[in-house]
Amino acid sequence: MSKKQLNVKFFEDEIDTNQSARNFTQLLKEKQTIFLNGEWGTGKSTFLKNVEENSVKNQKKIFVFMDLWRTDTSQSLITTAFRKLIPRFYWLTRILIVASIIVSILMTGVIKVPFIFSSLNNLWDFVISYSSKLNILPFILCISNIVARGLIYIQFLGIFLVLFVSVSQLLKINYFEFDAYFFSRHALKNKVLVIDDFDRLTASKQKDAYKLFSFLNGKLPIIFVGSYDRIIENDETEIFLSKIIDRRVDLPIVLWPSEIWTTVFKFIYTKFGINLSEEFKEIFIDEQKNLRDRMHFIDYMEQELIIRNKLNHVQIEDQLIIIYTYLFHYTTYIKLLINKNHIFTVLSELEKSKSPFDLVLYSILNKSKDQYPVQFKKNPGIYFLFEAPTNLTASEIEEQLQNDDKLNEYLMAKSNSDFFNYITSSFRNLNKPSQTALLNASLSLFNKQYNSDVIKFLVSEKDQKILPYKVPIQIENGGGIAYSVPEDLVDKSDEEIYQIRYEKWRPILQDAQYDISQQLKFFVTFHITGLKYLNGCYGEIPSIVKSCSVNDYVSPEYILLEYISELNQWYLFSEWEDVVWEYIKKLPLESLITFLKYQDVVRKSENKDPKDYILMEASHDFDNGGLRDNIIIIEKIEDRLKKLENNNYILKKDKD
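All of these numbers come straight from a predicted model, not from anything done at the bench.

Peer 1: Can you walk me through the overall build of the chain in this structure?
Peer 2: Counting its secondary structure elements, the chain contains 32 helices and twelve strands. Counting across all 656 residues of the chain, residues that qualify as buried make up 43%. Residue pairs in contact within the chain that sit at least 24 positions apart in sequence constitute 68% of those at least 6 positions apart. Here the chain has roughly 37,900 Å² of accessible surface; of this, 53% comes from carbon and sulfur atoms.

As structure tokens, then:
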């Protein structure tokens, strides 16, 4: 599709000024001076073209436009109007004047004409001799007499022109008087003089134009166009204008800002399904954005949403107000652009501004929109003009959900990714098969020891669906929304609530092929329940620990943690049985690190190296206060700690 075709199909809105044009045309029947009042860019020229078409069709009038911006300052406006309105008569007078000056110059002998009269005499003798032989001499002599008399008259006229030009130069007579005389005597039938952008003229040119209007008053209709408020400098000017203007006509109402933007808002709703906020709509009216502004706004709207393909990559209202800011508040736009990595700082400044537009801009950009694509304040980069979108559309993401490999890649995405933003805003709008597929894929990845922000969100959504922590209720009389405790949780203790969640989740995890260790890890990782609330739920745990069958489980450390919890020996290293120490010695290195972290024996250092840890010889005892001695466990597993170090783990000792 070509850009021209795209323009035609993108926004079509013919503003109907036909009736107003017909009414205006009726005023041209009288030879009056009419002032068409309107600000720059409000469609005055477009309206005048419509008036011209109606006038040509119904009154056979000819519109003559004078561009005073380009008028030669060496000529008077009356002479210019003479040339525009009666071009043939104007050029005829100019030819006669030039011819007269040429003749006068030749007659005065100032310029010698290189012409040999003796040659002419020889030629004439030859003609006489030849004519006598042909018996036509009388005829030739008759012509000769006529020419001789004509030359006498021409010579007399030449003398007269010489005197005339000399006197006019002596008296400094301006040909403007001749133009004015011939102009005033000539009938100006079916002509309409139009002077556009009168308010842009200098004061001196406006005064010259007033003289022209006075001179042509009553001879033909005159239309001059501009902003009345811009022309009036003082009361005296207004009084003077009132004497010149026979009628003052305002632009049709359909060209006013309150009218021309309505169709644009309707178009946005119809094409994009977006009902712009009232505060945004009012800005166009309050700031009096005219027809020319509308054309620019629509052009940039097409450029950014369609040509640059941002349509499904951005929130429409956010993009439109950024376009508006670029066009009409460029300083603010530049501030947003320069500080795109600190956008909340700029929003804070806008909130404190006294400018009505700044406050509207803040209100729209700061709204919480739990939707995809993400709003401006979360991803400002793609909203700026001339930037290409980088995020995926909703349809592109949904298409990729059918690809298992791509789905697993998406599920491991970070919290600032397109997929995470899409899932967190649009998950509840997906159909049930898609929701189930996402959860199953997440459970499968977690069972393979993978986790991500997306997986955490999906598990949280499922947990909320299984047993909501709170349910929304509608408050009467427009009081908004409040929340209440679900019936299943009323009068339930924390232990009972955790038990309910465990019972609802365990069949799901078993269907996902989770062993006991992974089930325990799942409950702890996603804060669905704590180990102490699972005491007794897995009766086989004591036998597993005593058999030290570590290698049979994906996350064996959680089985040991649950066993210690059931014995109520958390941190009580001196009370641990020999089977516990034997189990610890057989734990894989990563499982050992996890176990020691839960027992506050090691903690991750600030270093980004994933194997860099702090080995704490003492740690805080939050239950009893003071410090808890970890020397016992450190000495008991000294050989295991050395093996960690041999496998590139860094264990720097620290007493906390």
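Resuming the write-up.
Peer 1: Just to check I follow, could you spell out the environment of Leu-531 for this structure?
Peer 2: With respect to the element layout, Leu-531 can be found in the loop between α26 (516–525) and α27 (541–547). Considered as a pair, Leu-531 and Tyr-563 are 32 residues apart in the sequence and their alpha carbons are 9.2 Å apart. Contact partners of Leu-531, with chain neighbours within four places excluded, come to Leu-520, Val-524, Leu-561, Glu-562, Ser-565 and Trp-570.

Peer 1: Hey, could you run me through the pattern of salt bridges in this one?
Peer 2: What the rule picks out here adds up to ten salt bridges. A salt bridge links Lys-289 to Glu-287, with the nearest nitrogen and oxygen atoms 4.0 Å apart. You can call Lys-289 buried: its relative accessible area is 12%.

Peer 1: Can you help me understand the sheet that holds strand β9 (residues 612–616) in this one?
Peer 2: By way of backbone hydrogen bonds, the strands of a sheet pair with one another, either parallel or antiparallel. A sheet is described by the order of its strands in space; here three strands give the open sequence β8-β9-β12, paired in mixed fashion. Sheet topology places β8 (602–604) and β12 (650–654) at the edges, where each strand pairs with a single neighbour. Across this sheet, the average inter-strand angle for adjacent strands is 35 degrees, counted without regard to direction. Pairing between β9 and β12: five bridges, direction parallel.

Peer 1: I'm lost on unusual backbone geometry in this one. Help?
Peer 2: Trans is the common state for peptide bonds, and a negative phi is the common state for residues other than glycine. Positive phi outside glycine occurs at Lys-60, with the angle close to 55 degrees. Relative to the assigned elements, Lys-60 resides in the loop between α3 (44–59) and β2 (62–66). The phi angle at Gln-288 is positive, at roughly 55 degrees, despite the residue not being glycine. Looking at the secondary structure, you find Gln-288 in the loop between α14 (278–286) and α15 (291–307).

Peer 1: Help me out: how do you make sense of the packing of helix α16 (residues 316–328) against helix α17 (residues 330–338) in this one?
Peer 2: A packed helix pair is summarised by two numbers, namely the angle formed by the two axes and the spacing between the axes. Between α16 and α17, the shortest axis-to-axis distance is 6 Å and the interhelical angle comes to 125 degrees. As summarised for this structure, α16 and α17 are arranged oblique, according to the angle between their axes. Contacts between α16 and α17 involve Ile-322, Thr-325, Tyr-326 and Phe-328 from the former and Tyr-330, Thr-332, Tyr-333 and Leu-336 from the latter. A class-by-class count of the residues in the contact of α16 with α17 yields six nonpolar, two polar and no charged.

Peer 1: How should I be thinking about the side chain of Ser-55 in this particular structure?
Peer 2: Within the secondary structure, Ser-55 is located in helix α3. Beyond its immediate sequence surroundings of up to four residues, Ser-55 is in contact with Thr-25, Leu-28, Lys-60, Lys-61 and Phe-63.

Peer 1: What exactly am I supposed to notice about the sheet that holds β2 here?
Peer 2: Judged by pairing direction, the sheet is parallel, and its five strands sit side by side in the order β2-β3-β4-β1-β5 without closing on themselves. Only two strands of the sheet have a single partner each, and these edge strands are β2 and β5 (247–250). Strand-to-strand, the axes of this sheet are offset by a mean angle of 25 degrees, without reference to chain direction. Relative to strand β4 (residues 222–226), strand β3 (residues 191–195) is paired through three bridges, and the arrangement is parallel. Residue Ile-195 lies in a different strand from β4, and its bridge partner there is Phe-224. Against the sheet, helix α9 (residues 203–216) makes contact with β2, β3 and β4, and its axis sits at roughly 165 degrees relative to β3, the strand it touches most.

Peer 1: I would appreciate a short explanation of the environment of Thr-33 in the present structure.
Peer 2: Topologically, Thr-33 is positioned in strand β1 (residues 33–37). Look at Thr-33 and you get buried, because its relative accessible area is 1%. Taking the C-alpha atoms as reference points, Thr-33 and Arg-247, 214 residues apart in sequence, are found 6.7 Å from one another.

Peer 1: Looking at this structure, how should I read the environment of Leu-337?
Peer 2: Here Leu-337 shows up in helix α17. A sequence separation of 46 residues divides Leu-337 from Tyr-383, and the C-alpha atoms of the two residues are 9.7 Å apart.

Peer 1: I'm lost on the packing of helix α24 (residues 453–466) against helix α25 (residues 494–511) in this one. Help?
Peer 2: Two elements in contact, α24 and α25, have axes whose closest approach is 10 Å; the angle formed by their N-to-C orientations is 125 degrees. Classified by the interaxial angle, the pair formed by α24 and α25 is oblique. As for how α24 packs across α25, the hand of that crossing is right-handed. Across the interface between the two elements, Val-459, Lys-462, Asp-463 and Ile-466 of α24 pack against Arg-501, Lys-504, Trp-505 and Ile-508 of α25. When its residues are assigned to classes, the contact of α24 with α25 shows four nonpolar, no polar and four charged.

Peer 1: Explain the confidence of the model for the chain here, please?
Peer 2: As a note on interpretation, predicted positions should not be read in detail where pLDDT is low. Confidence in the prediction of the chain, expressed as mean pLDDT, is 80, and 76% of residues score 70 or more. This model gives residues 1–8 a pLDDT under 50, and the stretch forms seven contacts once residues within four places in sequence are excluded.

Peer 1: I'm lost on the side chain of Gln-315 in this one. Help?
Peer 2: Note on placement: Gln-315 falls in the loop between α15 and α16. Here Pro-373 takes part through its backbone oxygen, which lies 2.6 Å from a polar atom of the side chain of Gln-315. If near-sequence neighbours (up to four positions away) are discounted, Gln-315 is found in contact with Gln-371, Tyr-372, Pro-373, Val-374, Gln-375 and Tyr-383.

Peer 1: Would you take a moment to explain the pairing of β3 for this structure?
Peer 2: It is a general feature of regular strands that their side chains alternate between the two faces of the sheet. The element β3 is largely enclosed, with a buried count of five among its five residues. Along β3, one buried face is formed by Lys-191, Leu-193 and Ile-195 and the opposite face, lined by Val-192 and Val-194, is buried too. Sheet topology note: the β2/β3 ladder contains five bridges and is parallel. Across the sheet, residue Val-64 finds its bridge partner in β3, namely Leu-193.

Peer 1: What's the story with the packing of aromatic side chains in this structure? I'm lost.
Peer 2: A complete count under the given rule lists 39 aromatic pairs for this structure. The interplanar angle of 80 degrees and the centroid separation of 6.3 Å between the aromatic rings of Phe-280 and Tyr-324 together place this pair among those described as edge-to-face. Remark: Tyr-324 occurs in helix α16 and Phe-280 occurs in helix α14; sequence separation between them is 44 residues. Here the aromatic rings of Trp-576 and Phe-595 are separated by 5.9 Å at their centres, their planes lie at 55 degrees, and the arrangement is tilted. Residue Trp-576 is located in the loop between α28 (556–566) and α29 (578–586), and its partner Phe-595 is located in helix α30 (residues 589–598); the two are separated by 19 residues in the primary sequence. The residues Trp-576 and Phe-595 share a single accessibility class, namely buried. Lying over the aromatic face of Phe-446, Lys-521 brings its terminal NZ or CZ to 5.5 Å of the ring centre.

Peer 1: I keep staring at the nonpolar core and nothing clicks. Help me out?
Peer 2: Note that soluble globular proteins tend to have their nonpolar side chains buried in a common cluster. Core analysis: the largest hydrophobic core is formed by 78 residues, its most contacted members being Phe-419, Leu-438, Phe-522 and Leu-560. Setting aside its immediate chain neighbours within four residues, Phe-419 contacts Ile-397, Leu-401, Leu-407, Tyr-410, Leu-411, Ala-413, Leu-438 and Val-454. If you look at the next biggest cluster of nonpolar residues, it comprises 62 residues, including Phe-11, Leu-320, Phe-357 and Leu-365.

Peer 1: Teacher, can you tell me more about α30 here?
Peer 2: Count 3.6 residues to each turn of an α-helix, and residues three or four apart come out pointing the same way. Along α30, seven of the ten residues are buried, which leaves the element largely enclosed by surrounding structure. Where α30 terminates, the next one or two residues include Asp-600, which has phi positive at roughly 55 degrees.

Analysis parameters
- Residues numbered from 1 in each chain as written.
- Predicted model: local features only at pLDDT ≥ 70, side-chain atom pairs only at ≥ 80, totals over all residues.
- Heavy atoms only, no water.
- Helix = DSSP H or I, 4+ residues; strand = E, 2+ residues; numbered from the N terminus.
- Buried < 20%, exposed > 50% of the residue type's maximum accessible area, 1.4 Å probe, protein only.
- Contact = heavy atoms within 4.5 Å.
- Areas by Shrake-Rupley, 256 points an atom, 1.4 Å probe, with all protein chains shown as cover.
- Salt bridge = Lys/Arg side-chain N within 4 Å of Asp/Glu carboxyl O.
- Pairing = 2+ DSSP bridges.
- Axes fitted to C-alpha atoms, helices over the stretch in contact; angles between N-to-C directions.
- Parallel < 35°, antiparallel > 145°, perpendicular 65-115°, else oblique.
- Nonpolar A, V, L, I, M, F, W, Y, C, P; charged D, E, K, R; others polar.
- Left-handed = near helix turned anticlockwise from the far one by under 90°.
- pLDDT = per-residue confidence, 0-100.
- Polar contact = N/O pair within 3.5 Å; in protein donor to acceptor, adjacent residues only side chain to side chain.
- Phe/Tyr/Trp six-rings, centres within 6.5 Å; stacked < 30°, edge-to-face > 60°.
- Lys NZ or Arg CZ within 6 Å of the ring centre and 35° of its normal.
- Core = buried A, V, L, I, M, F, W, Y, C linked by side-chain atoms within 4.5 Å.

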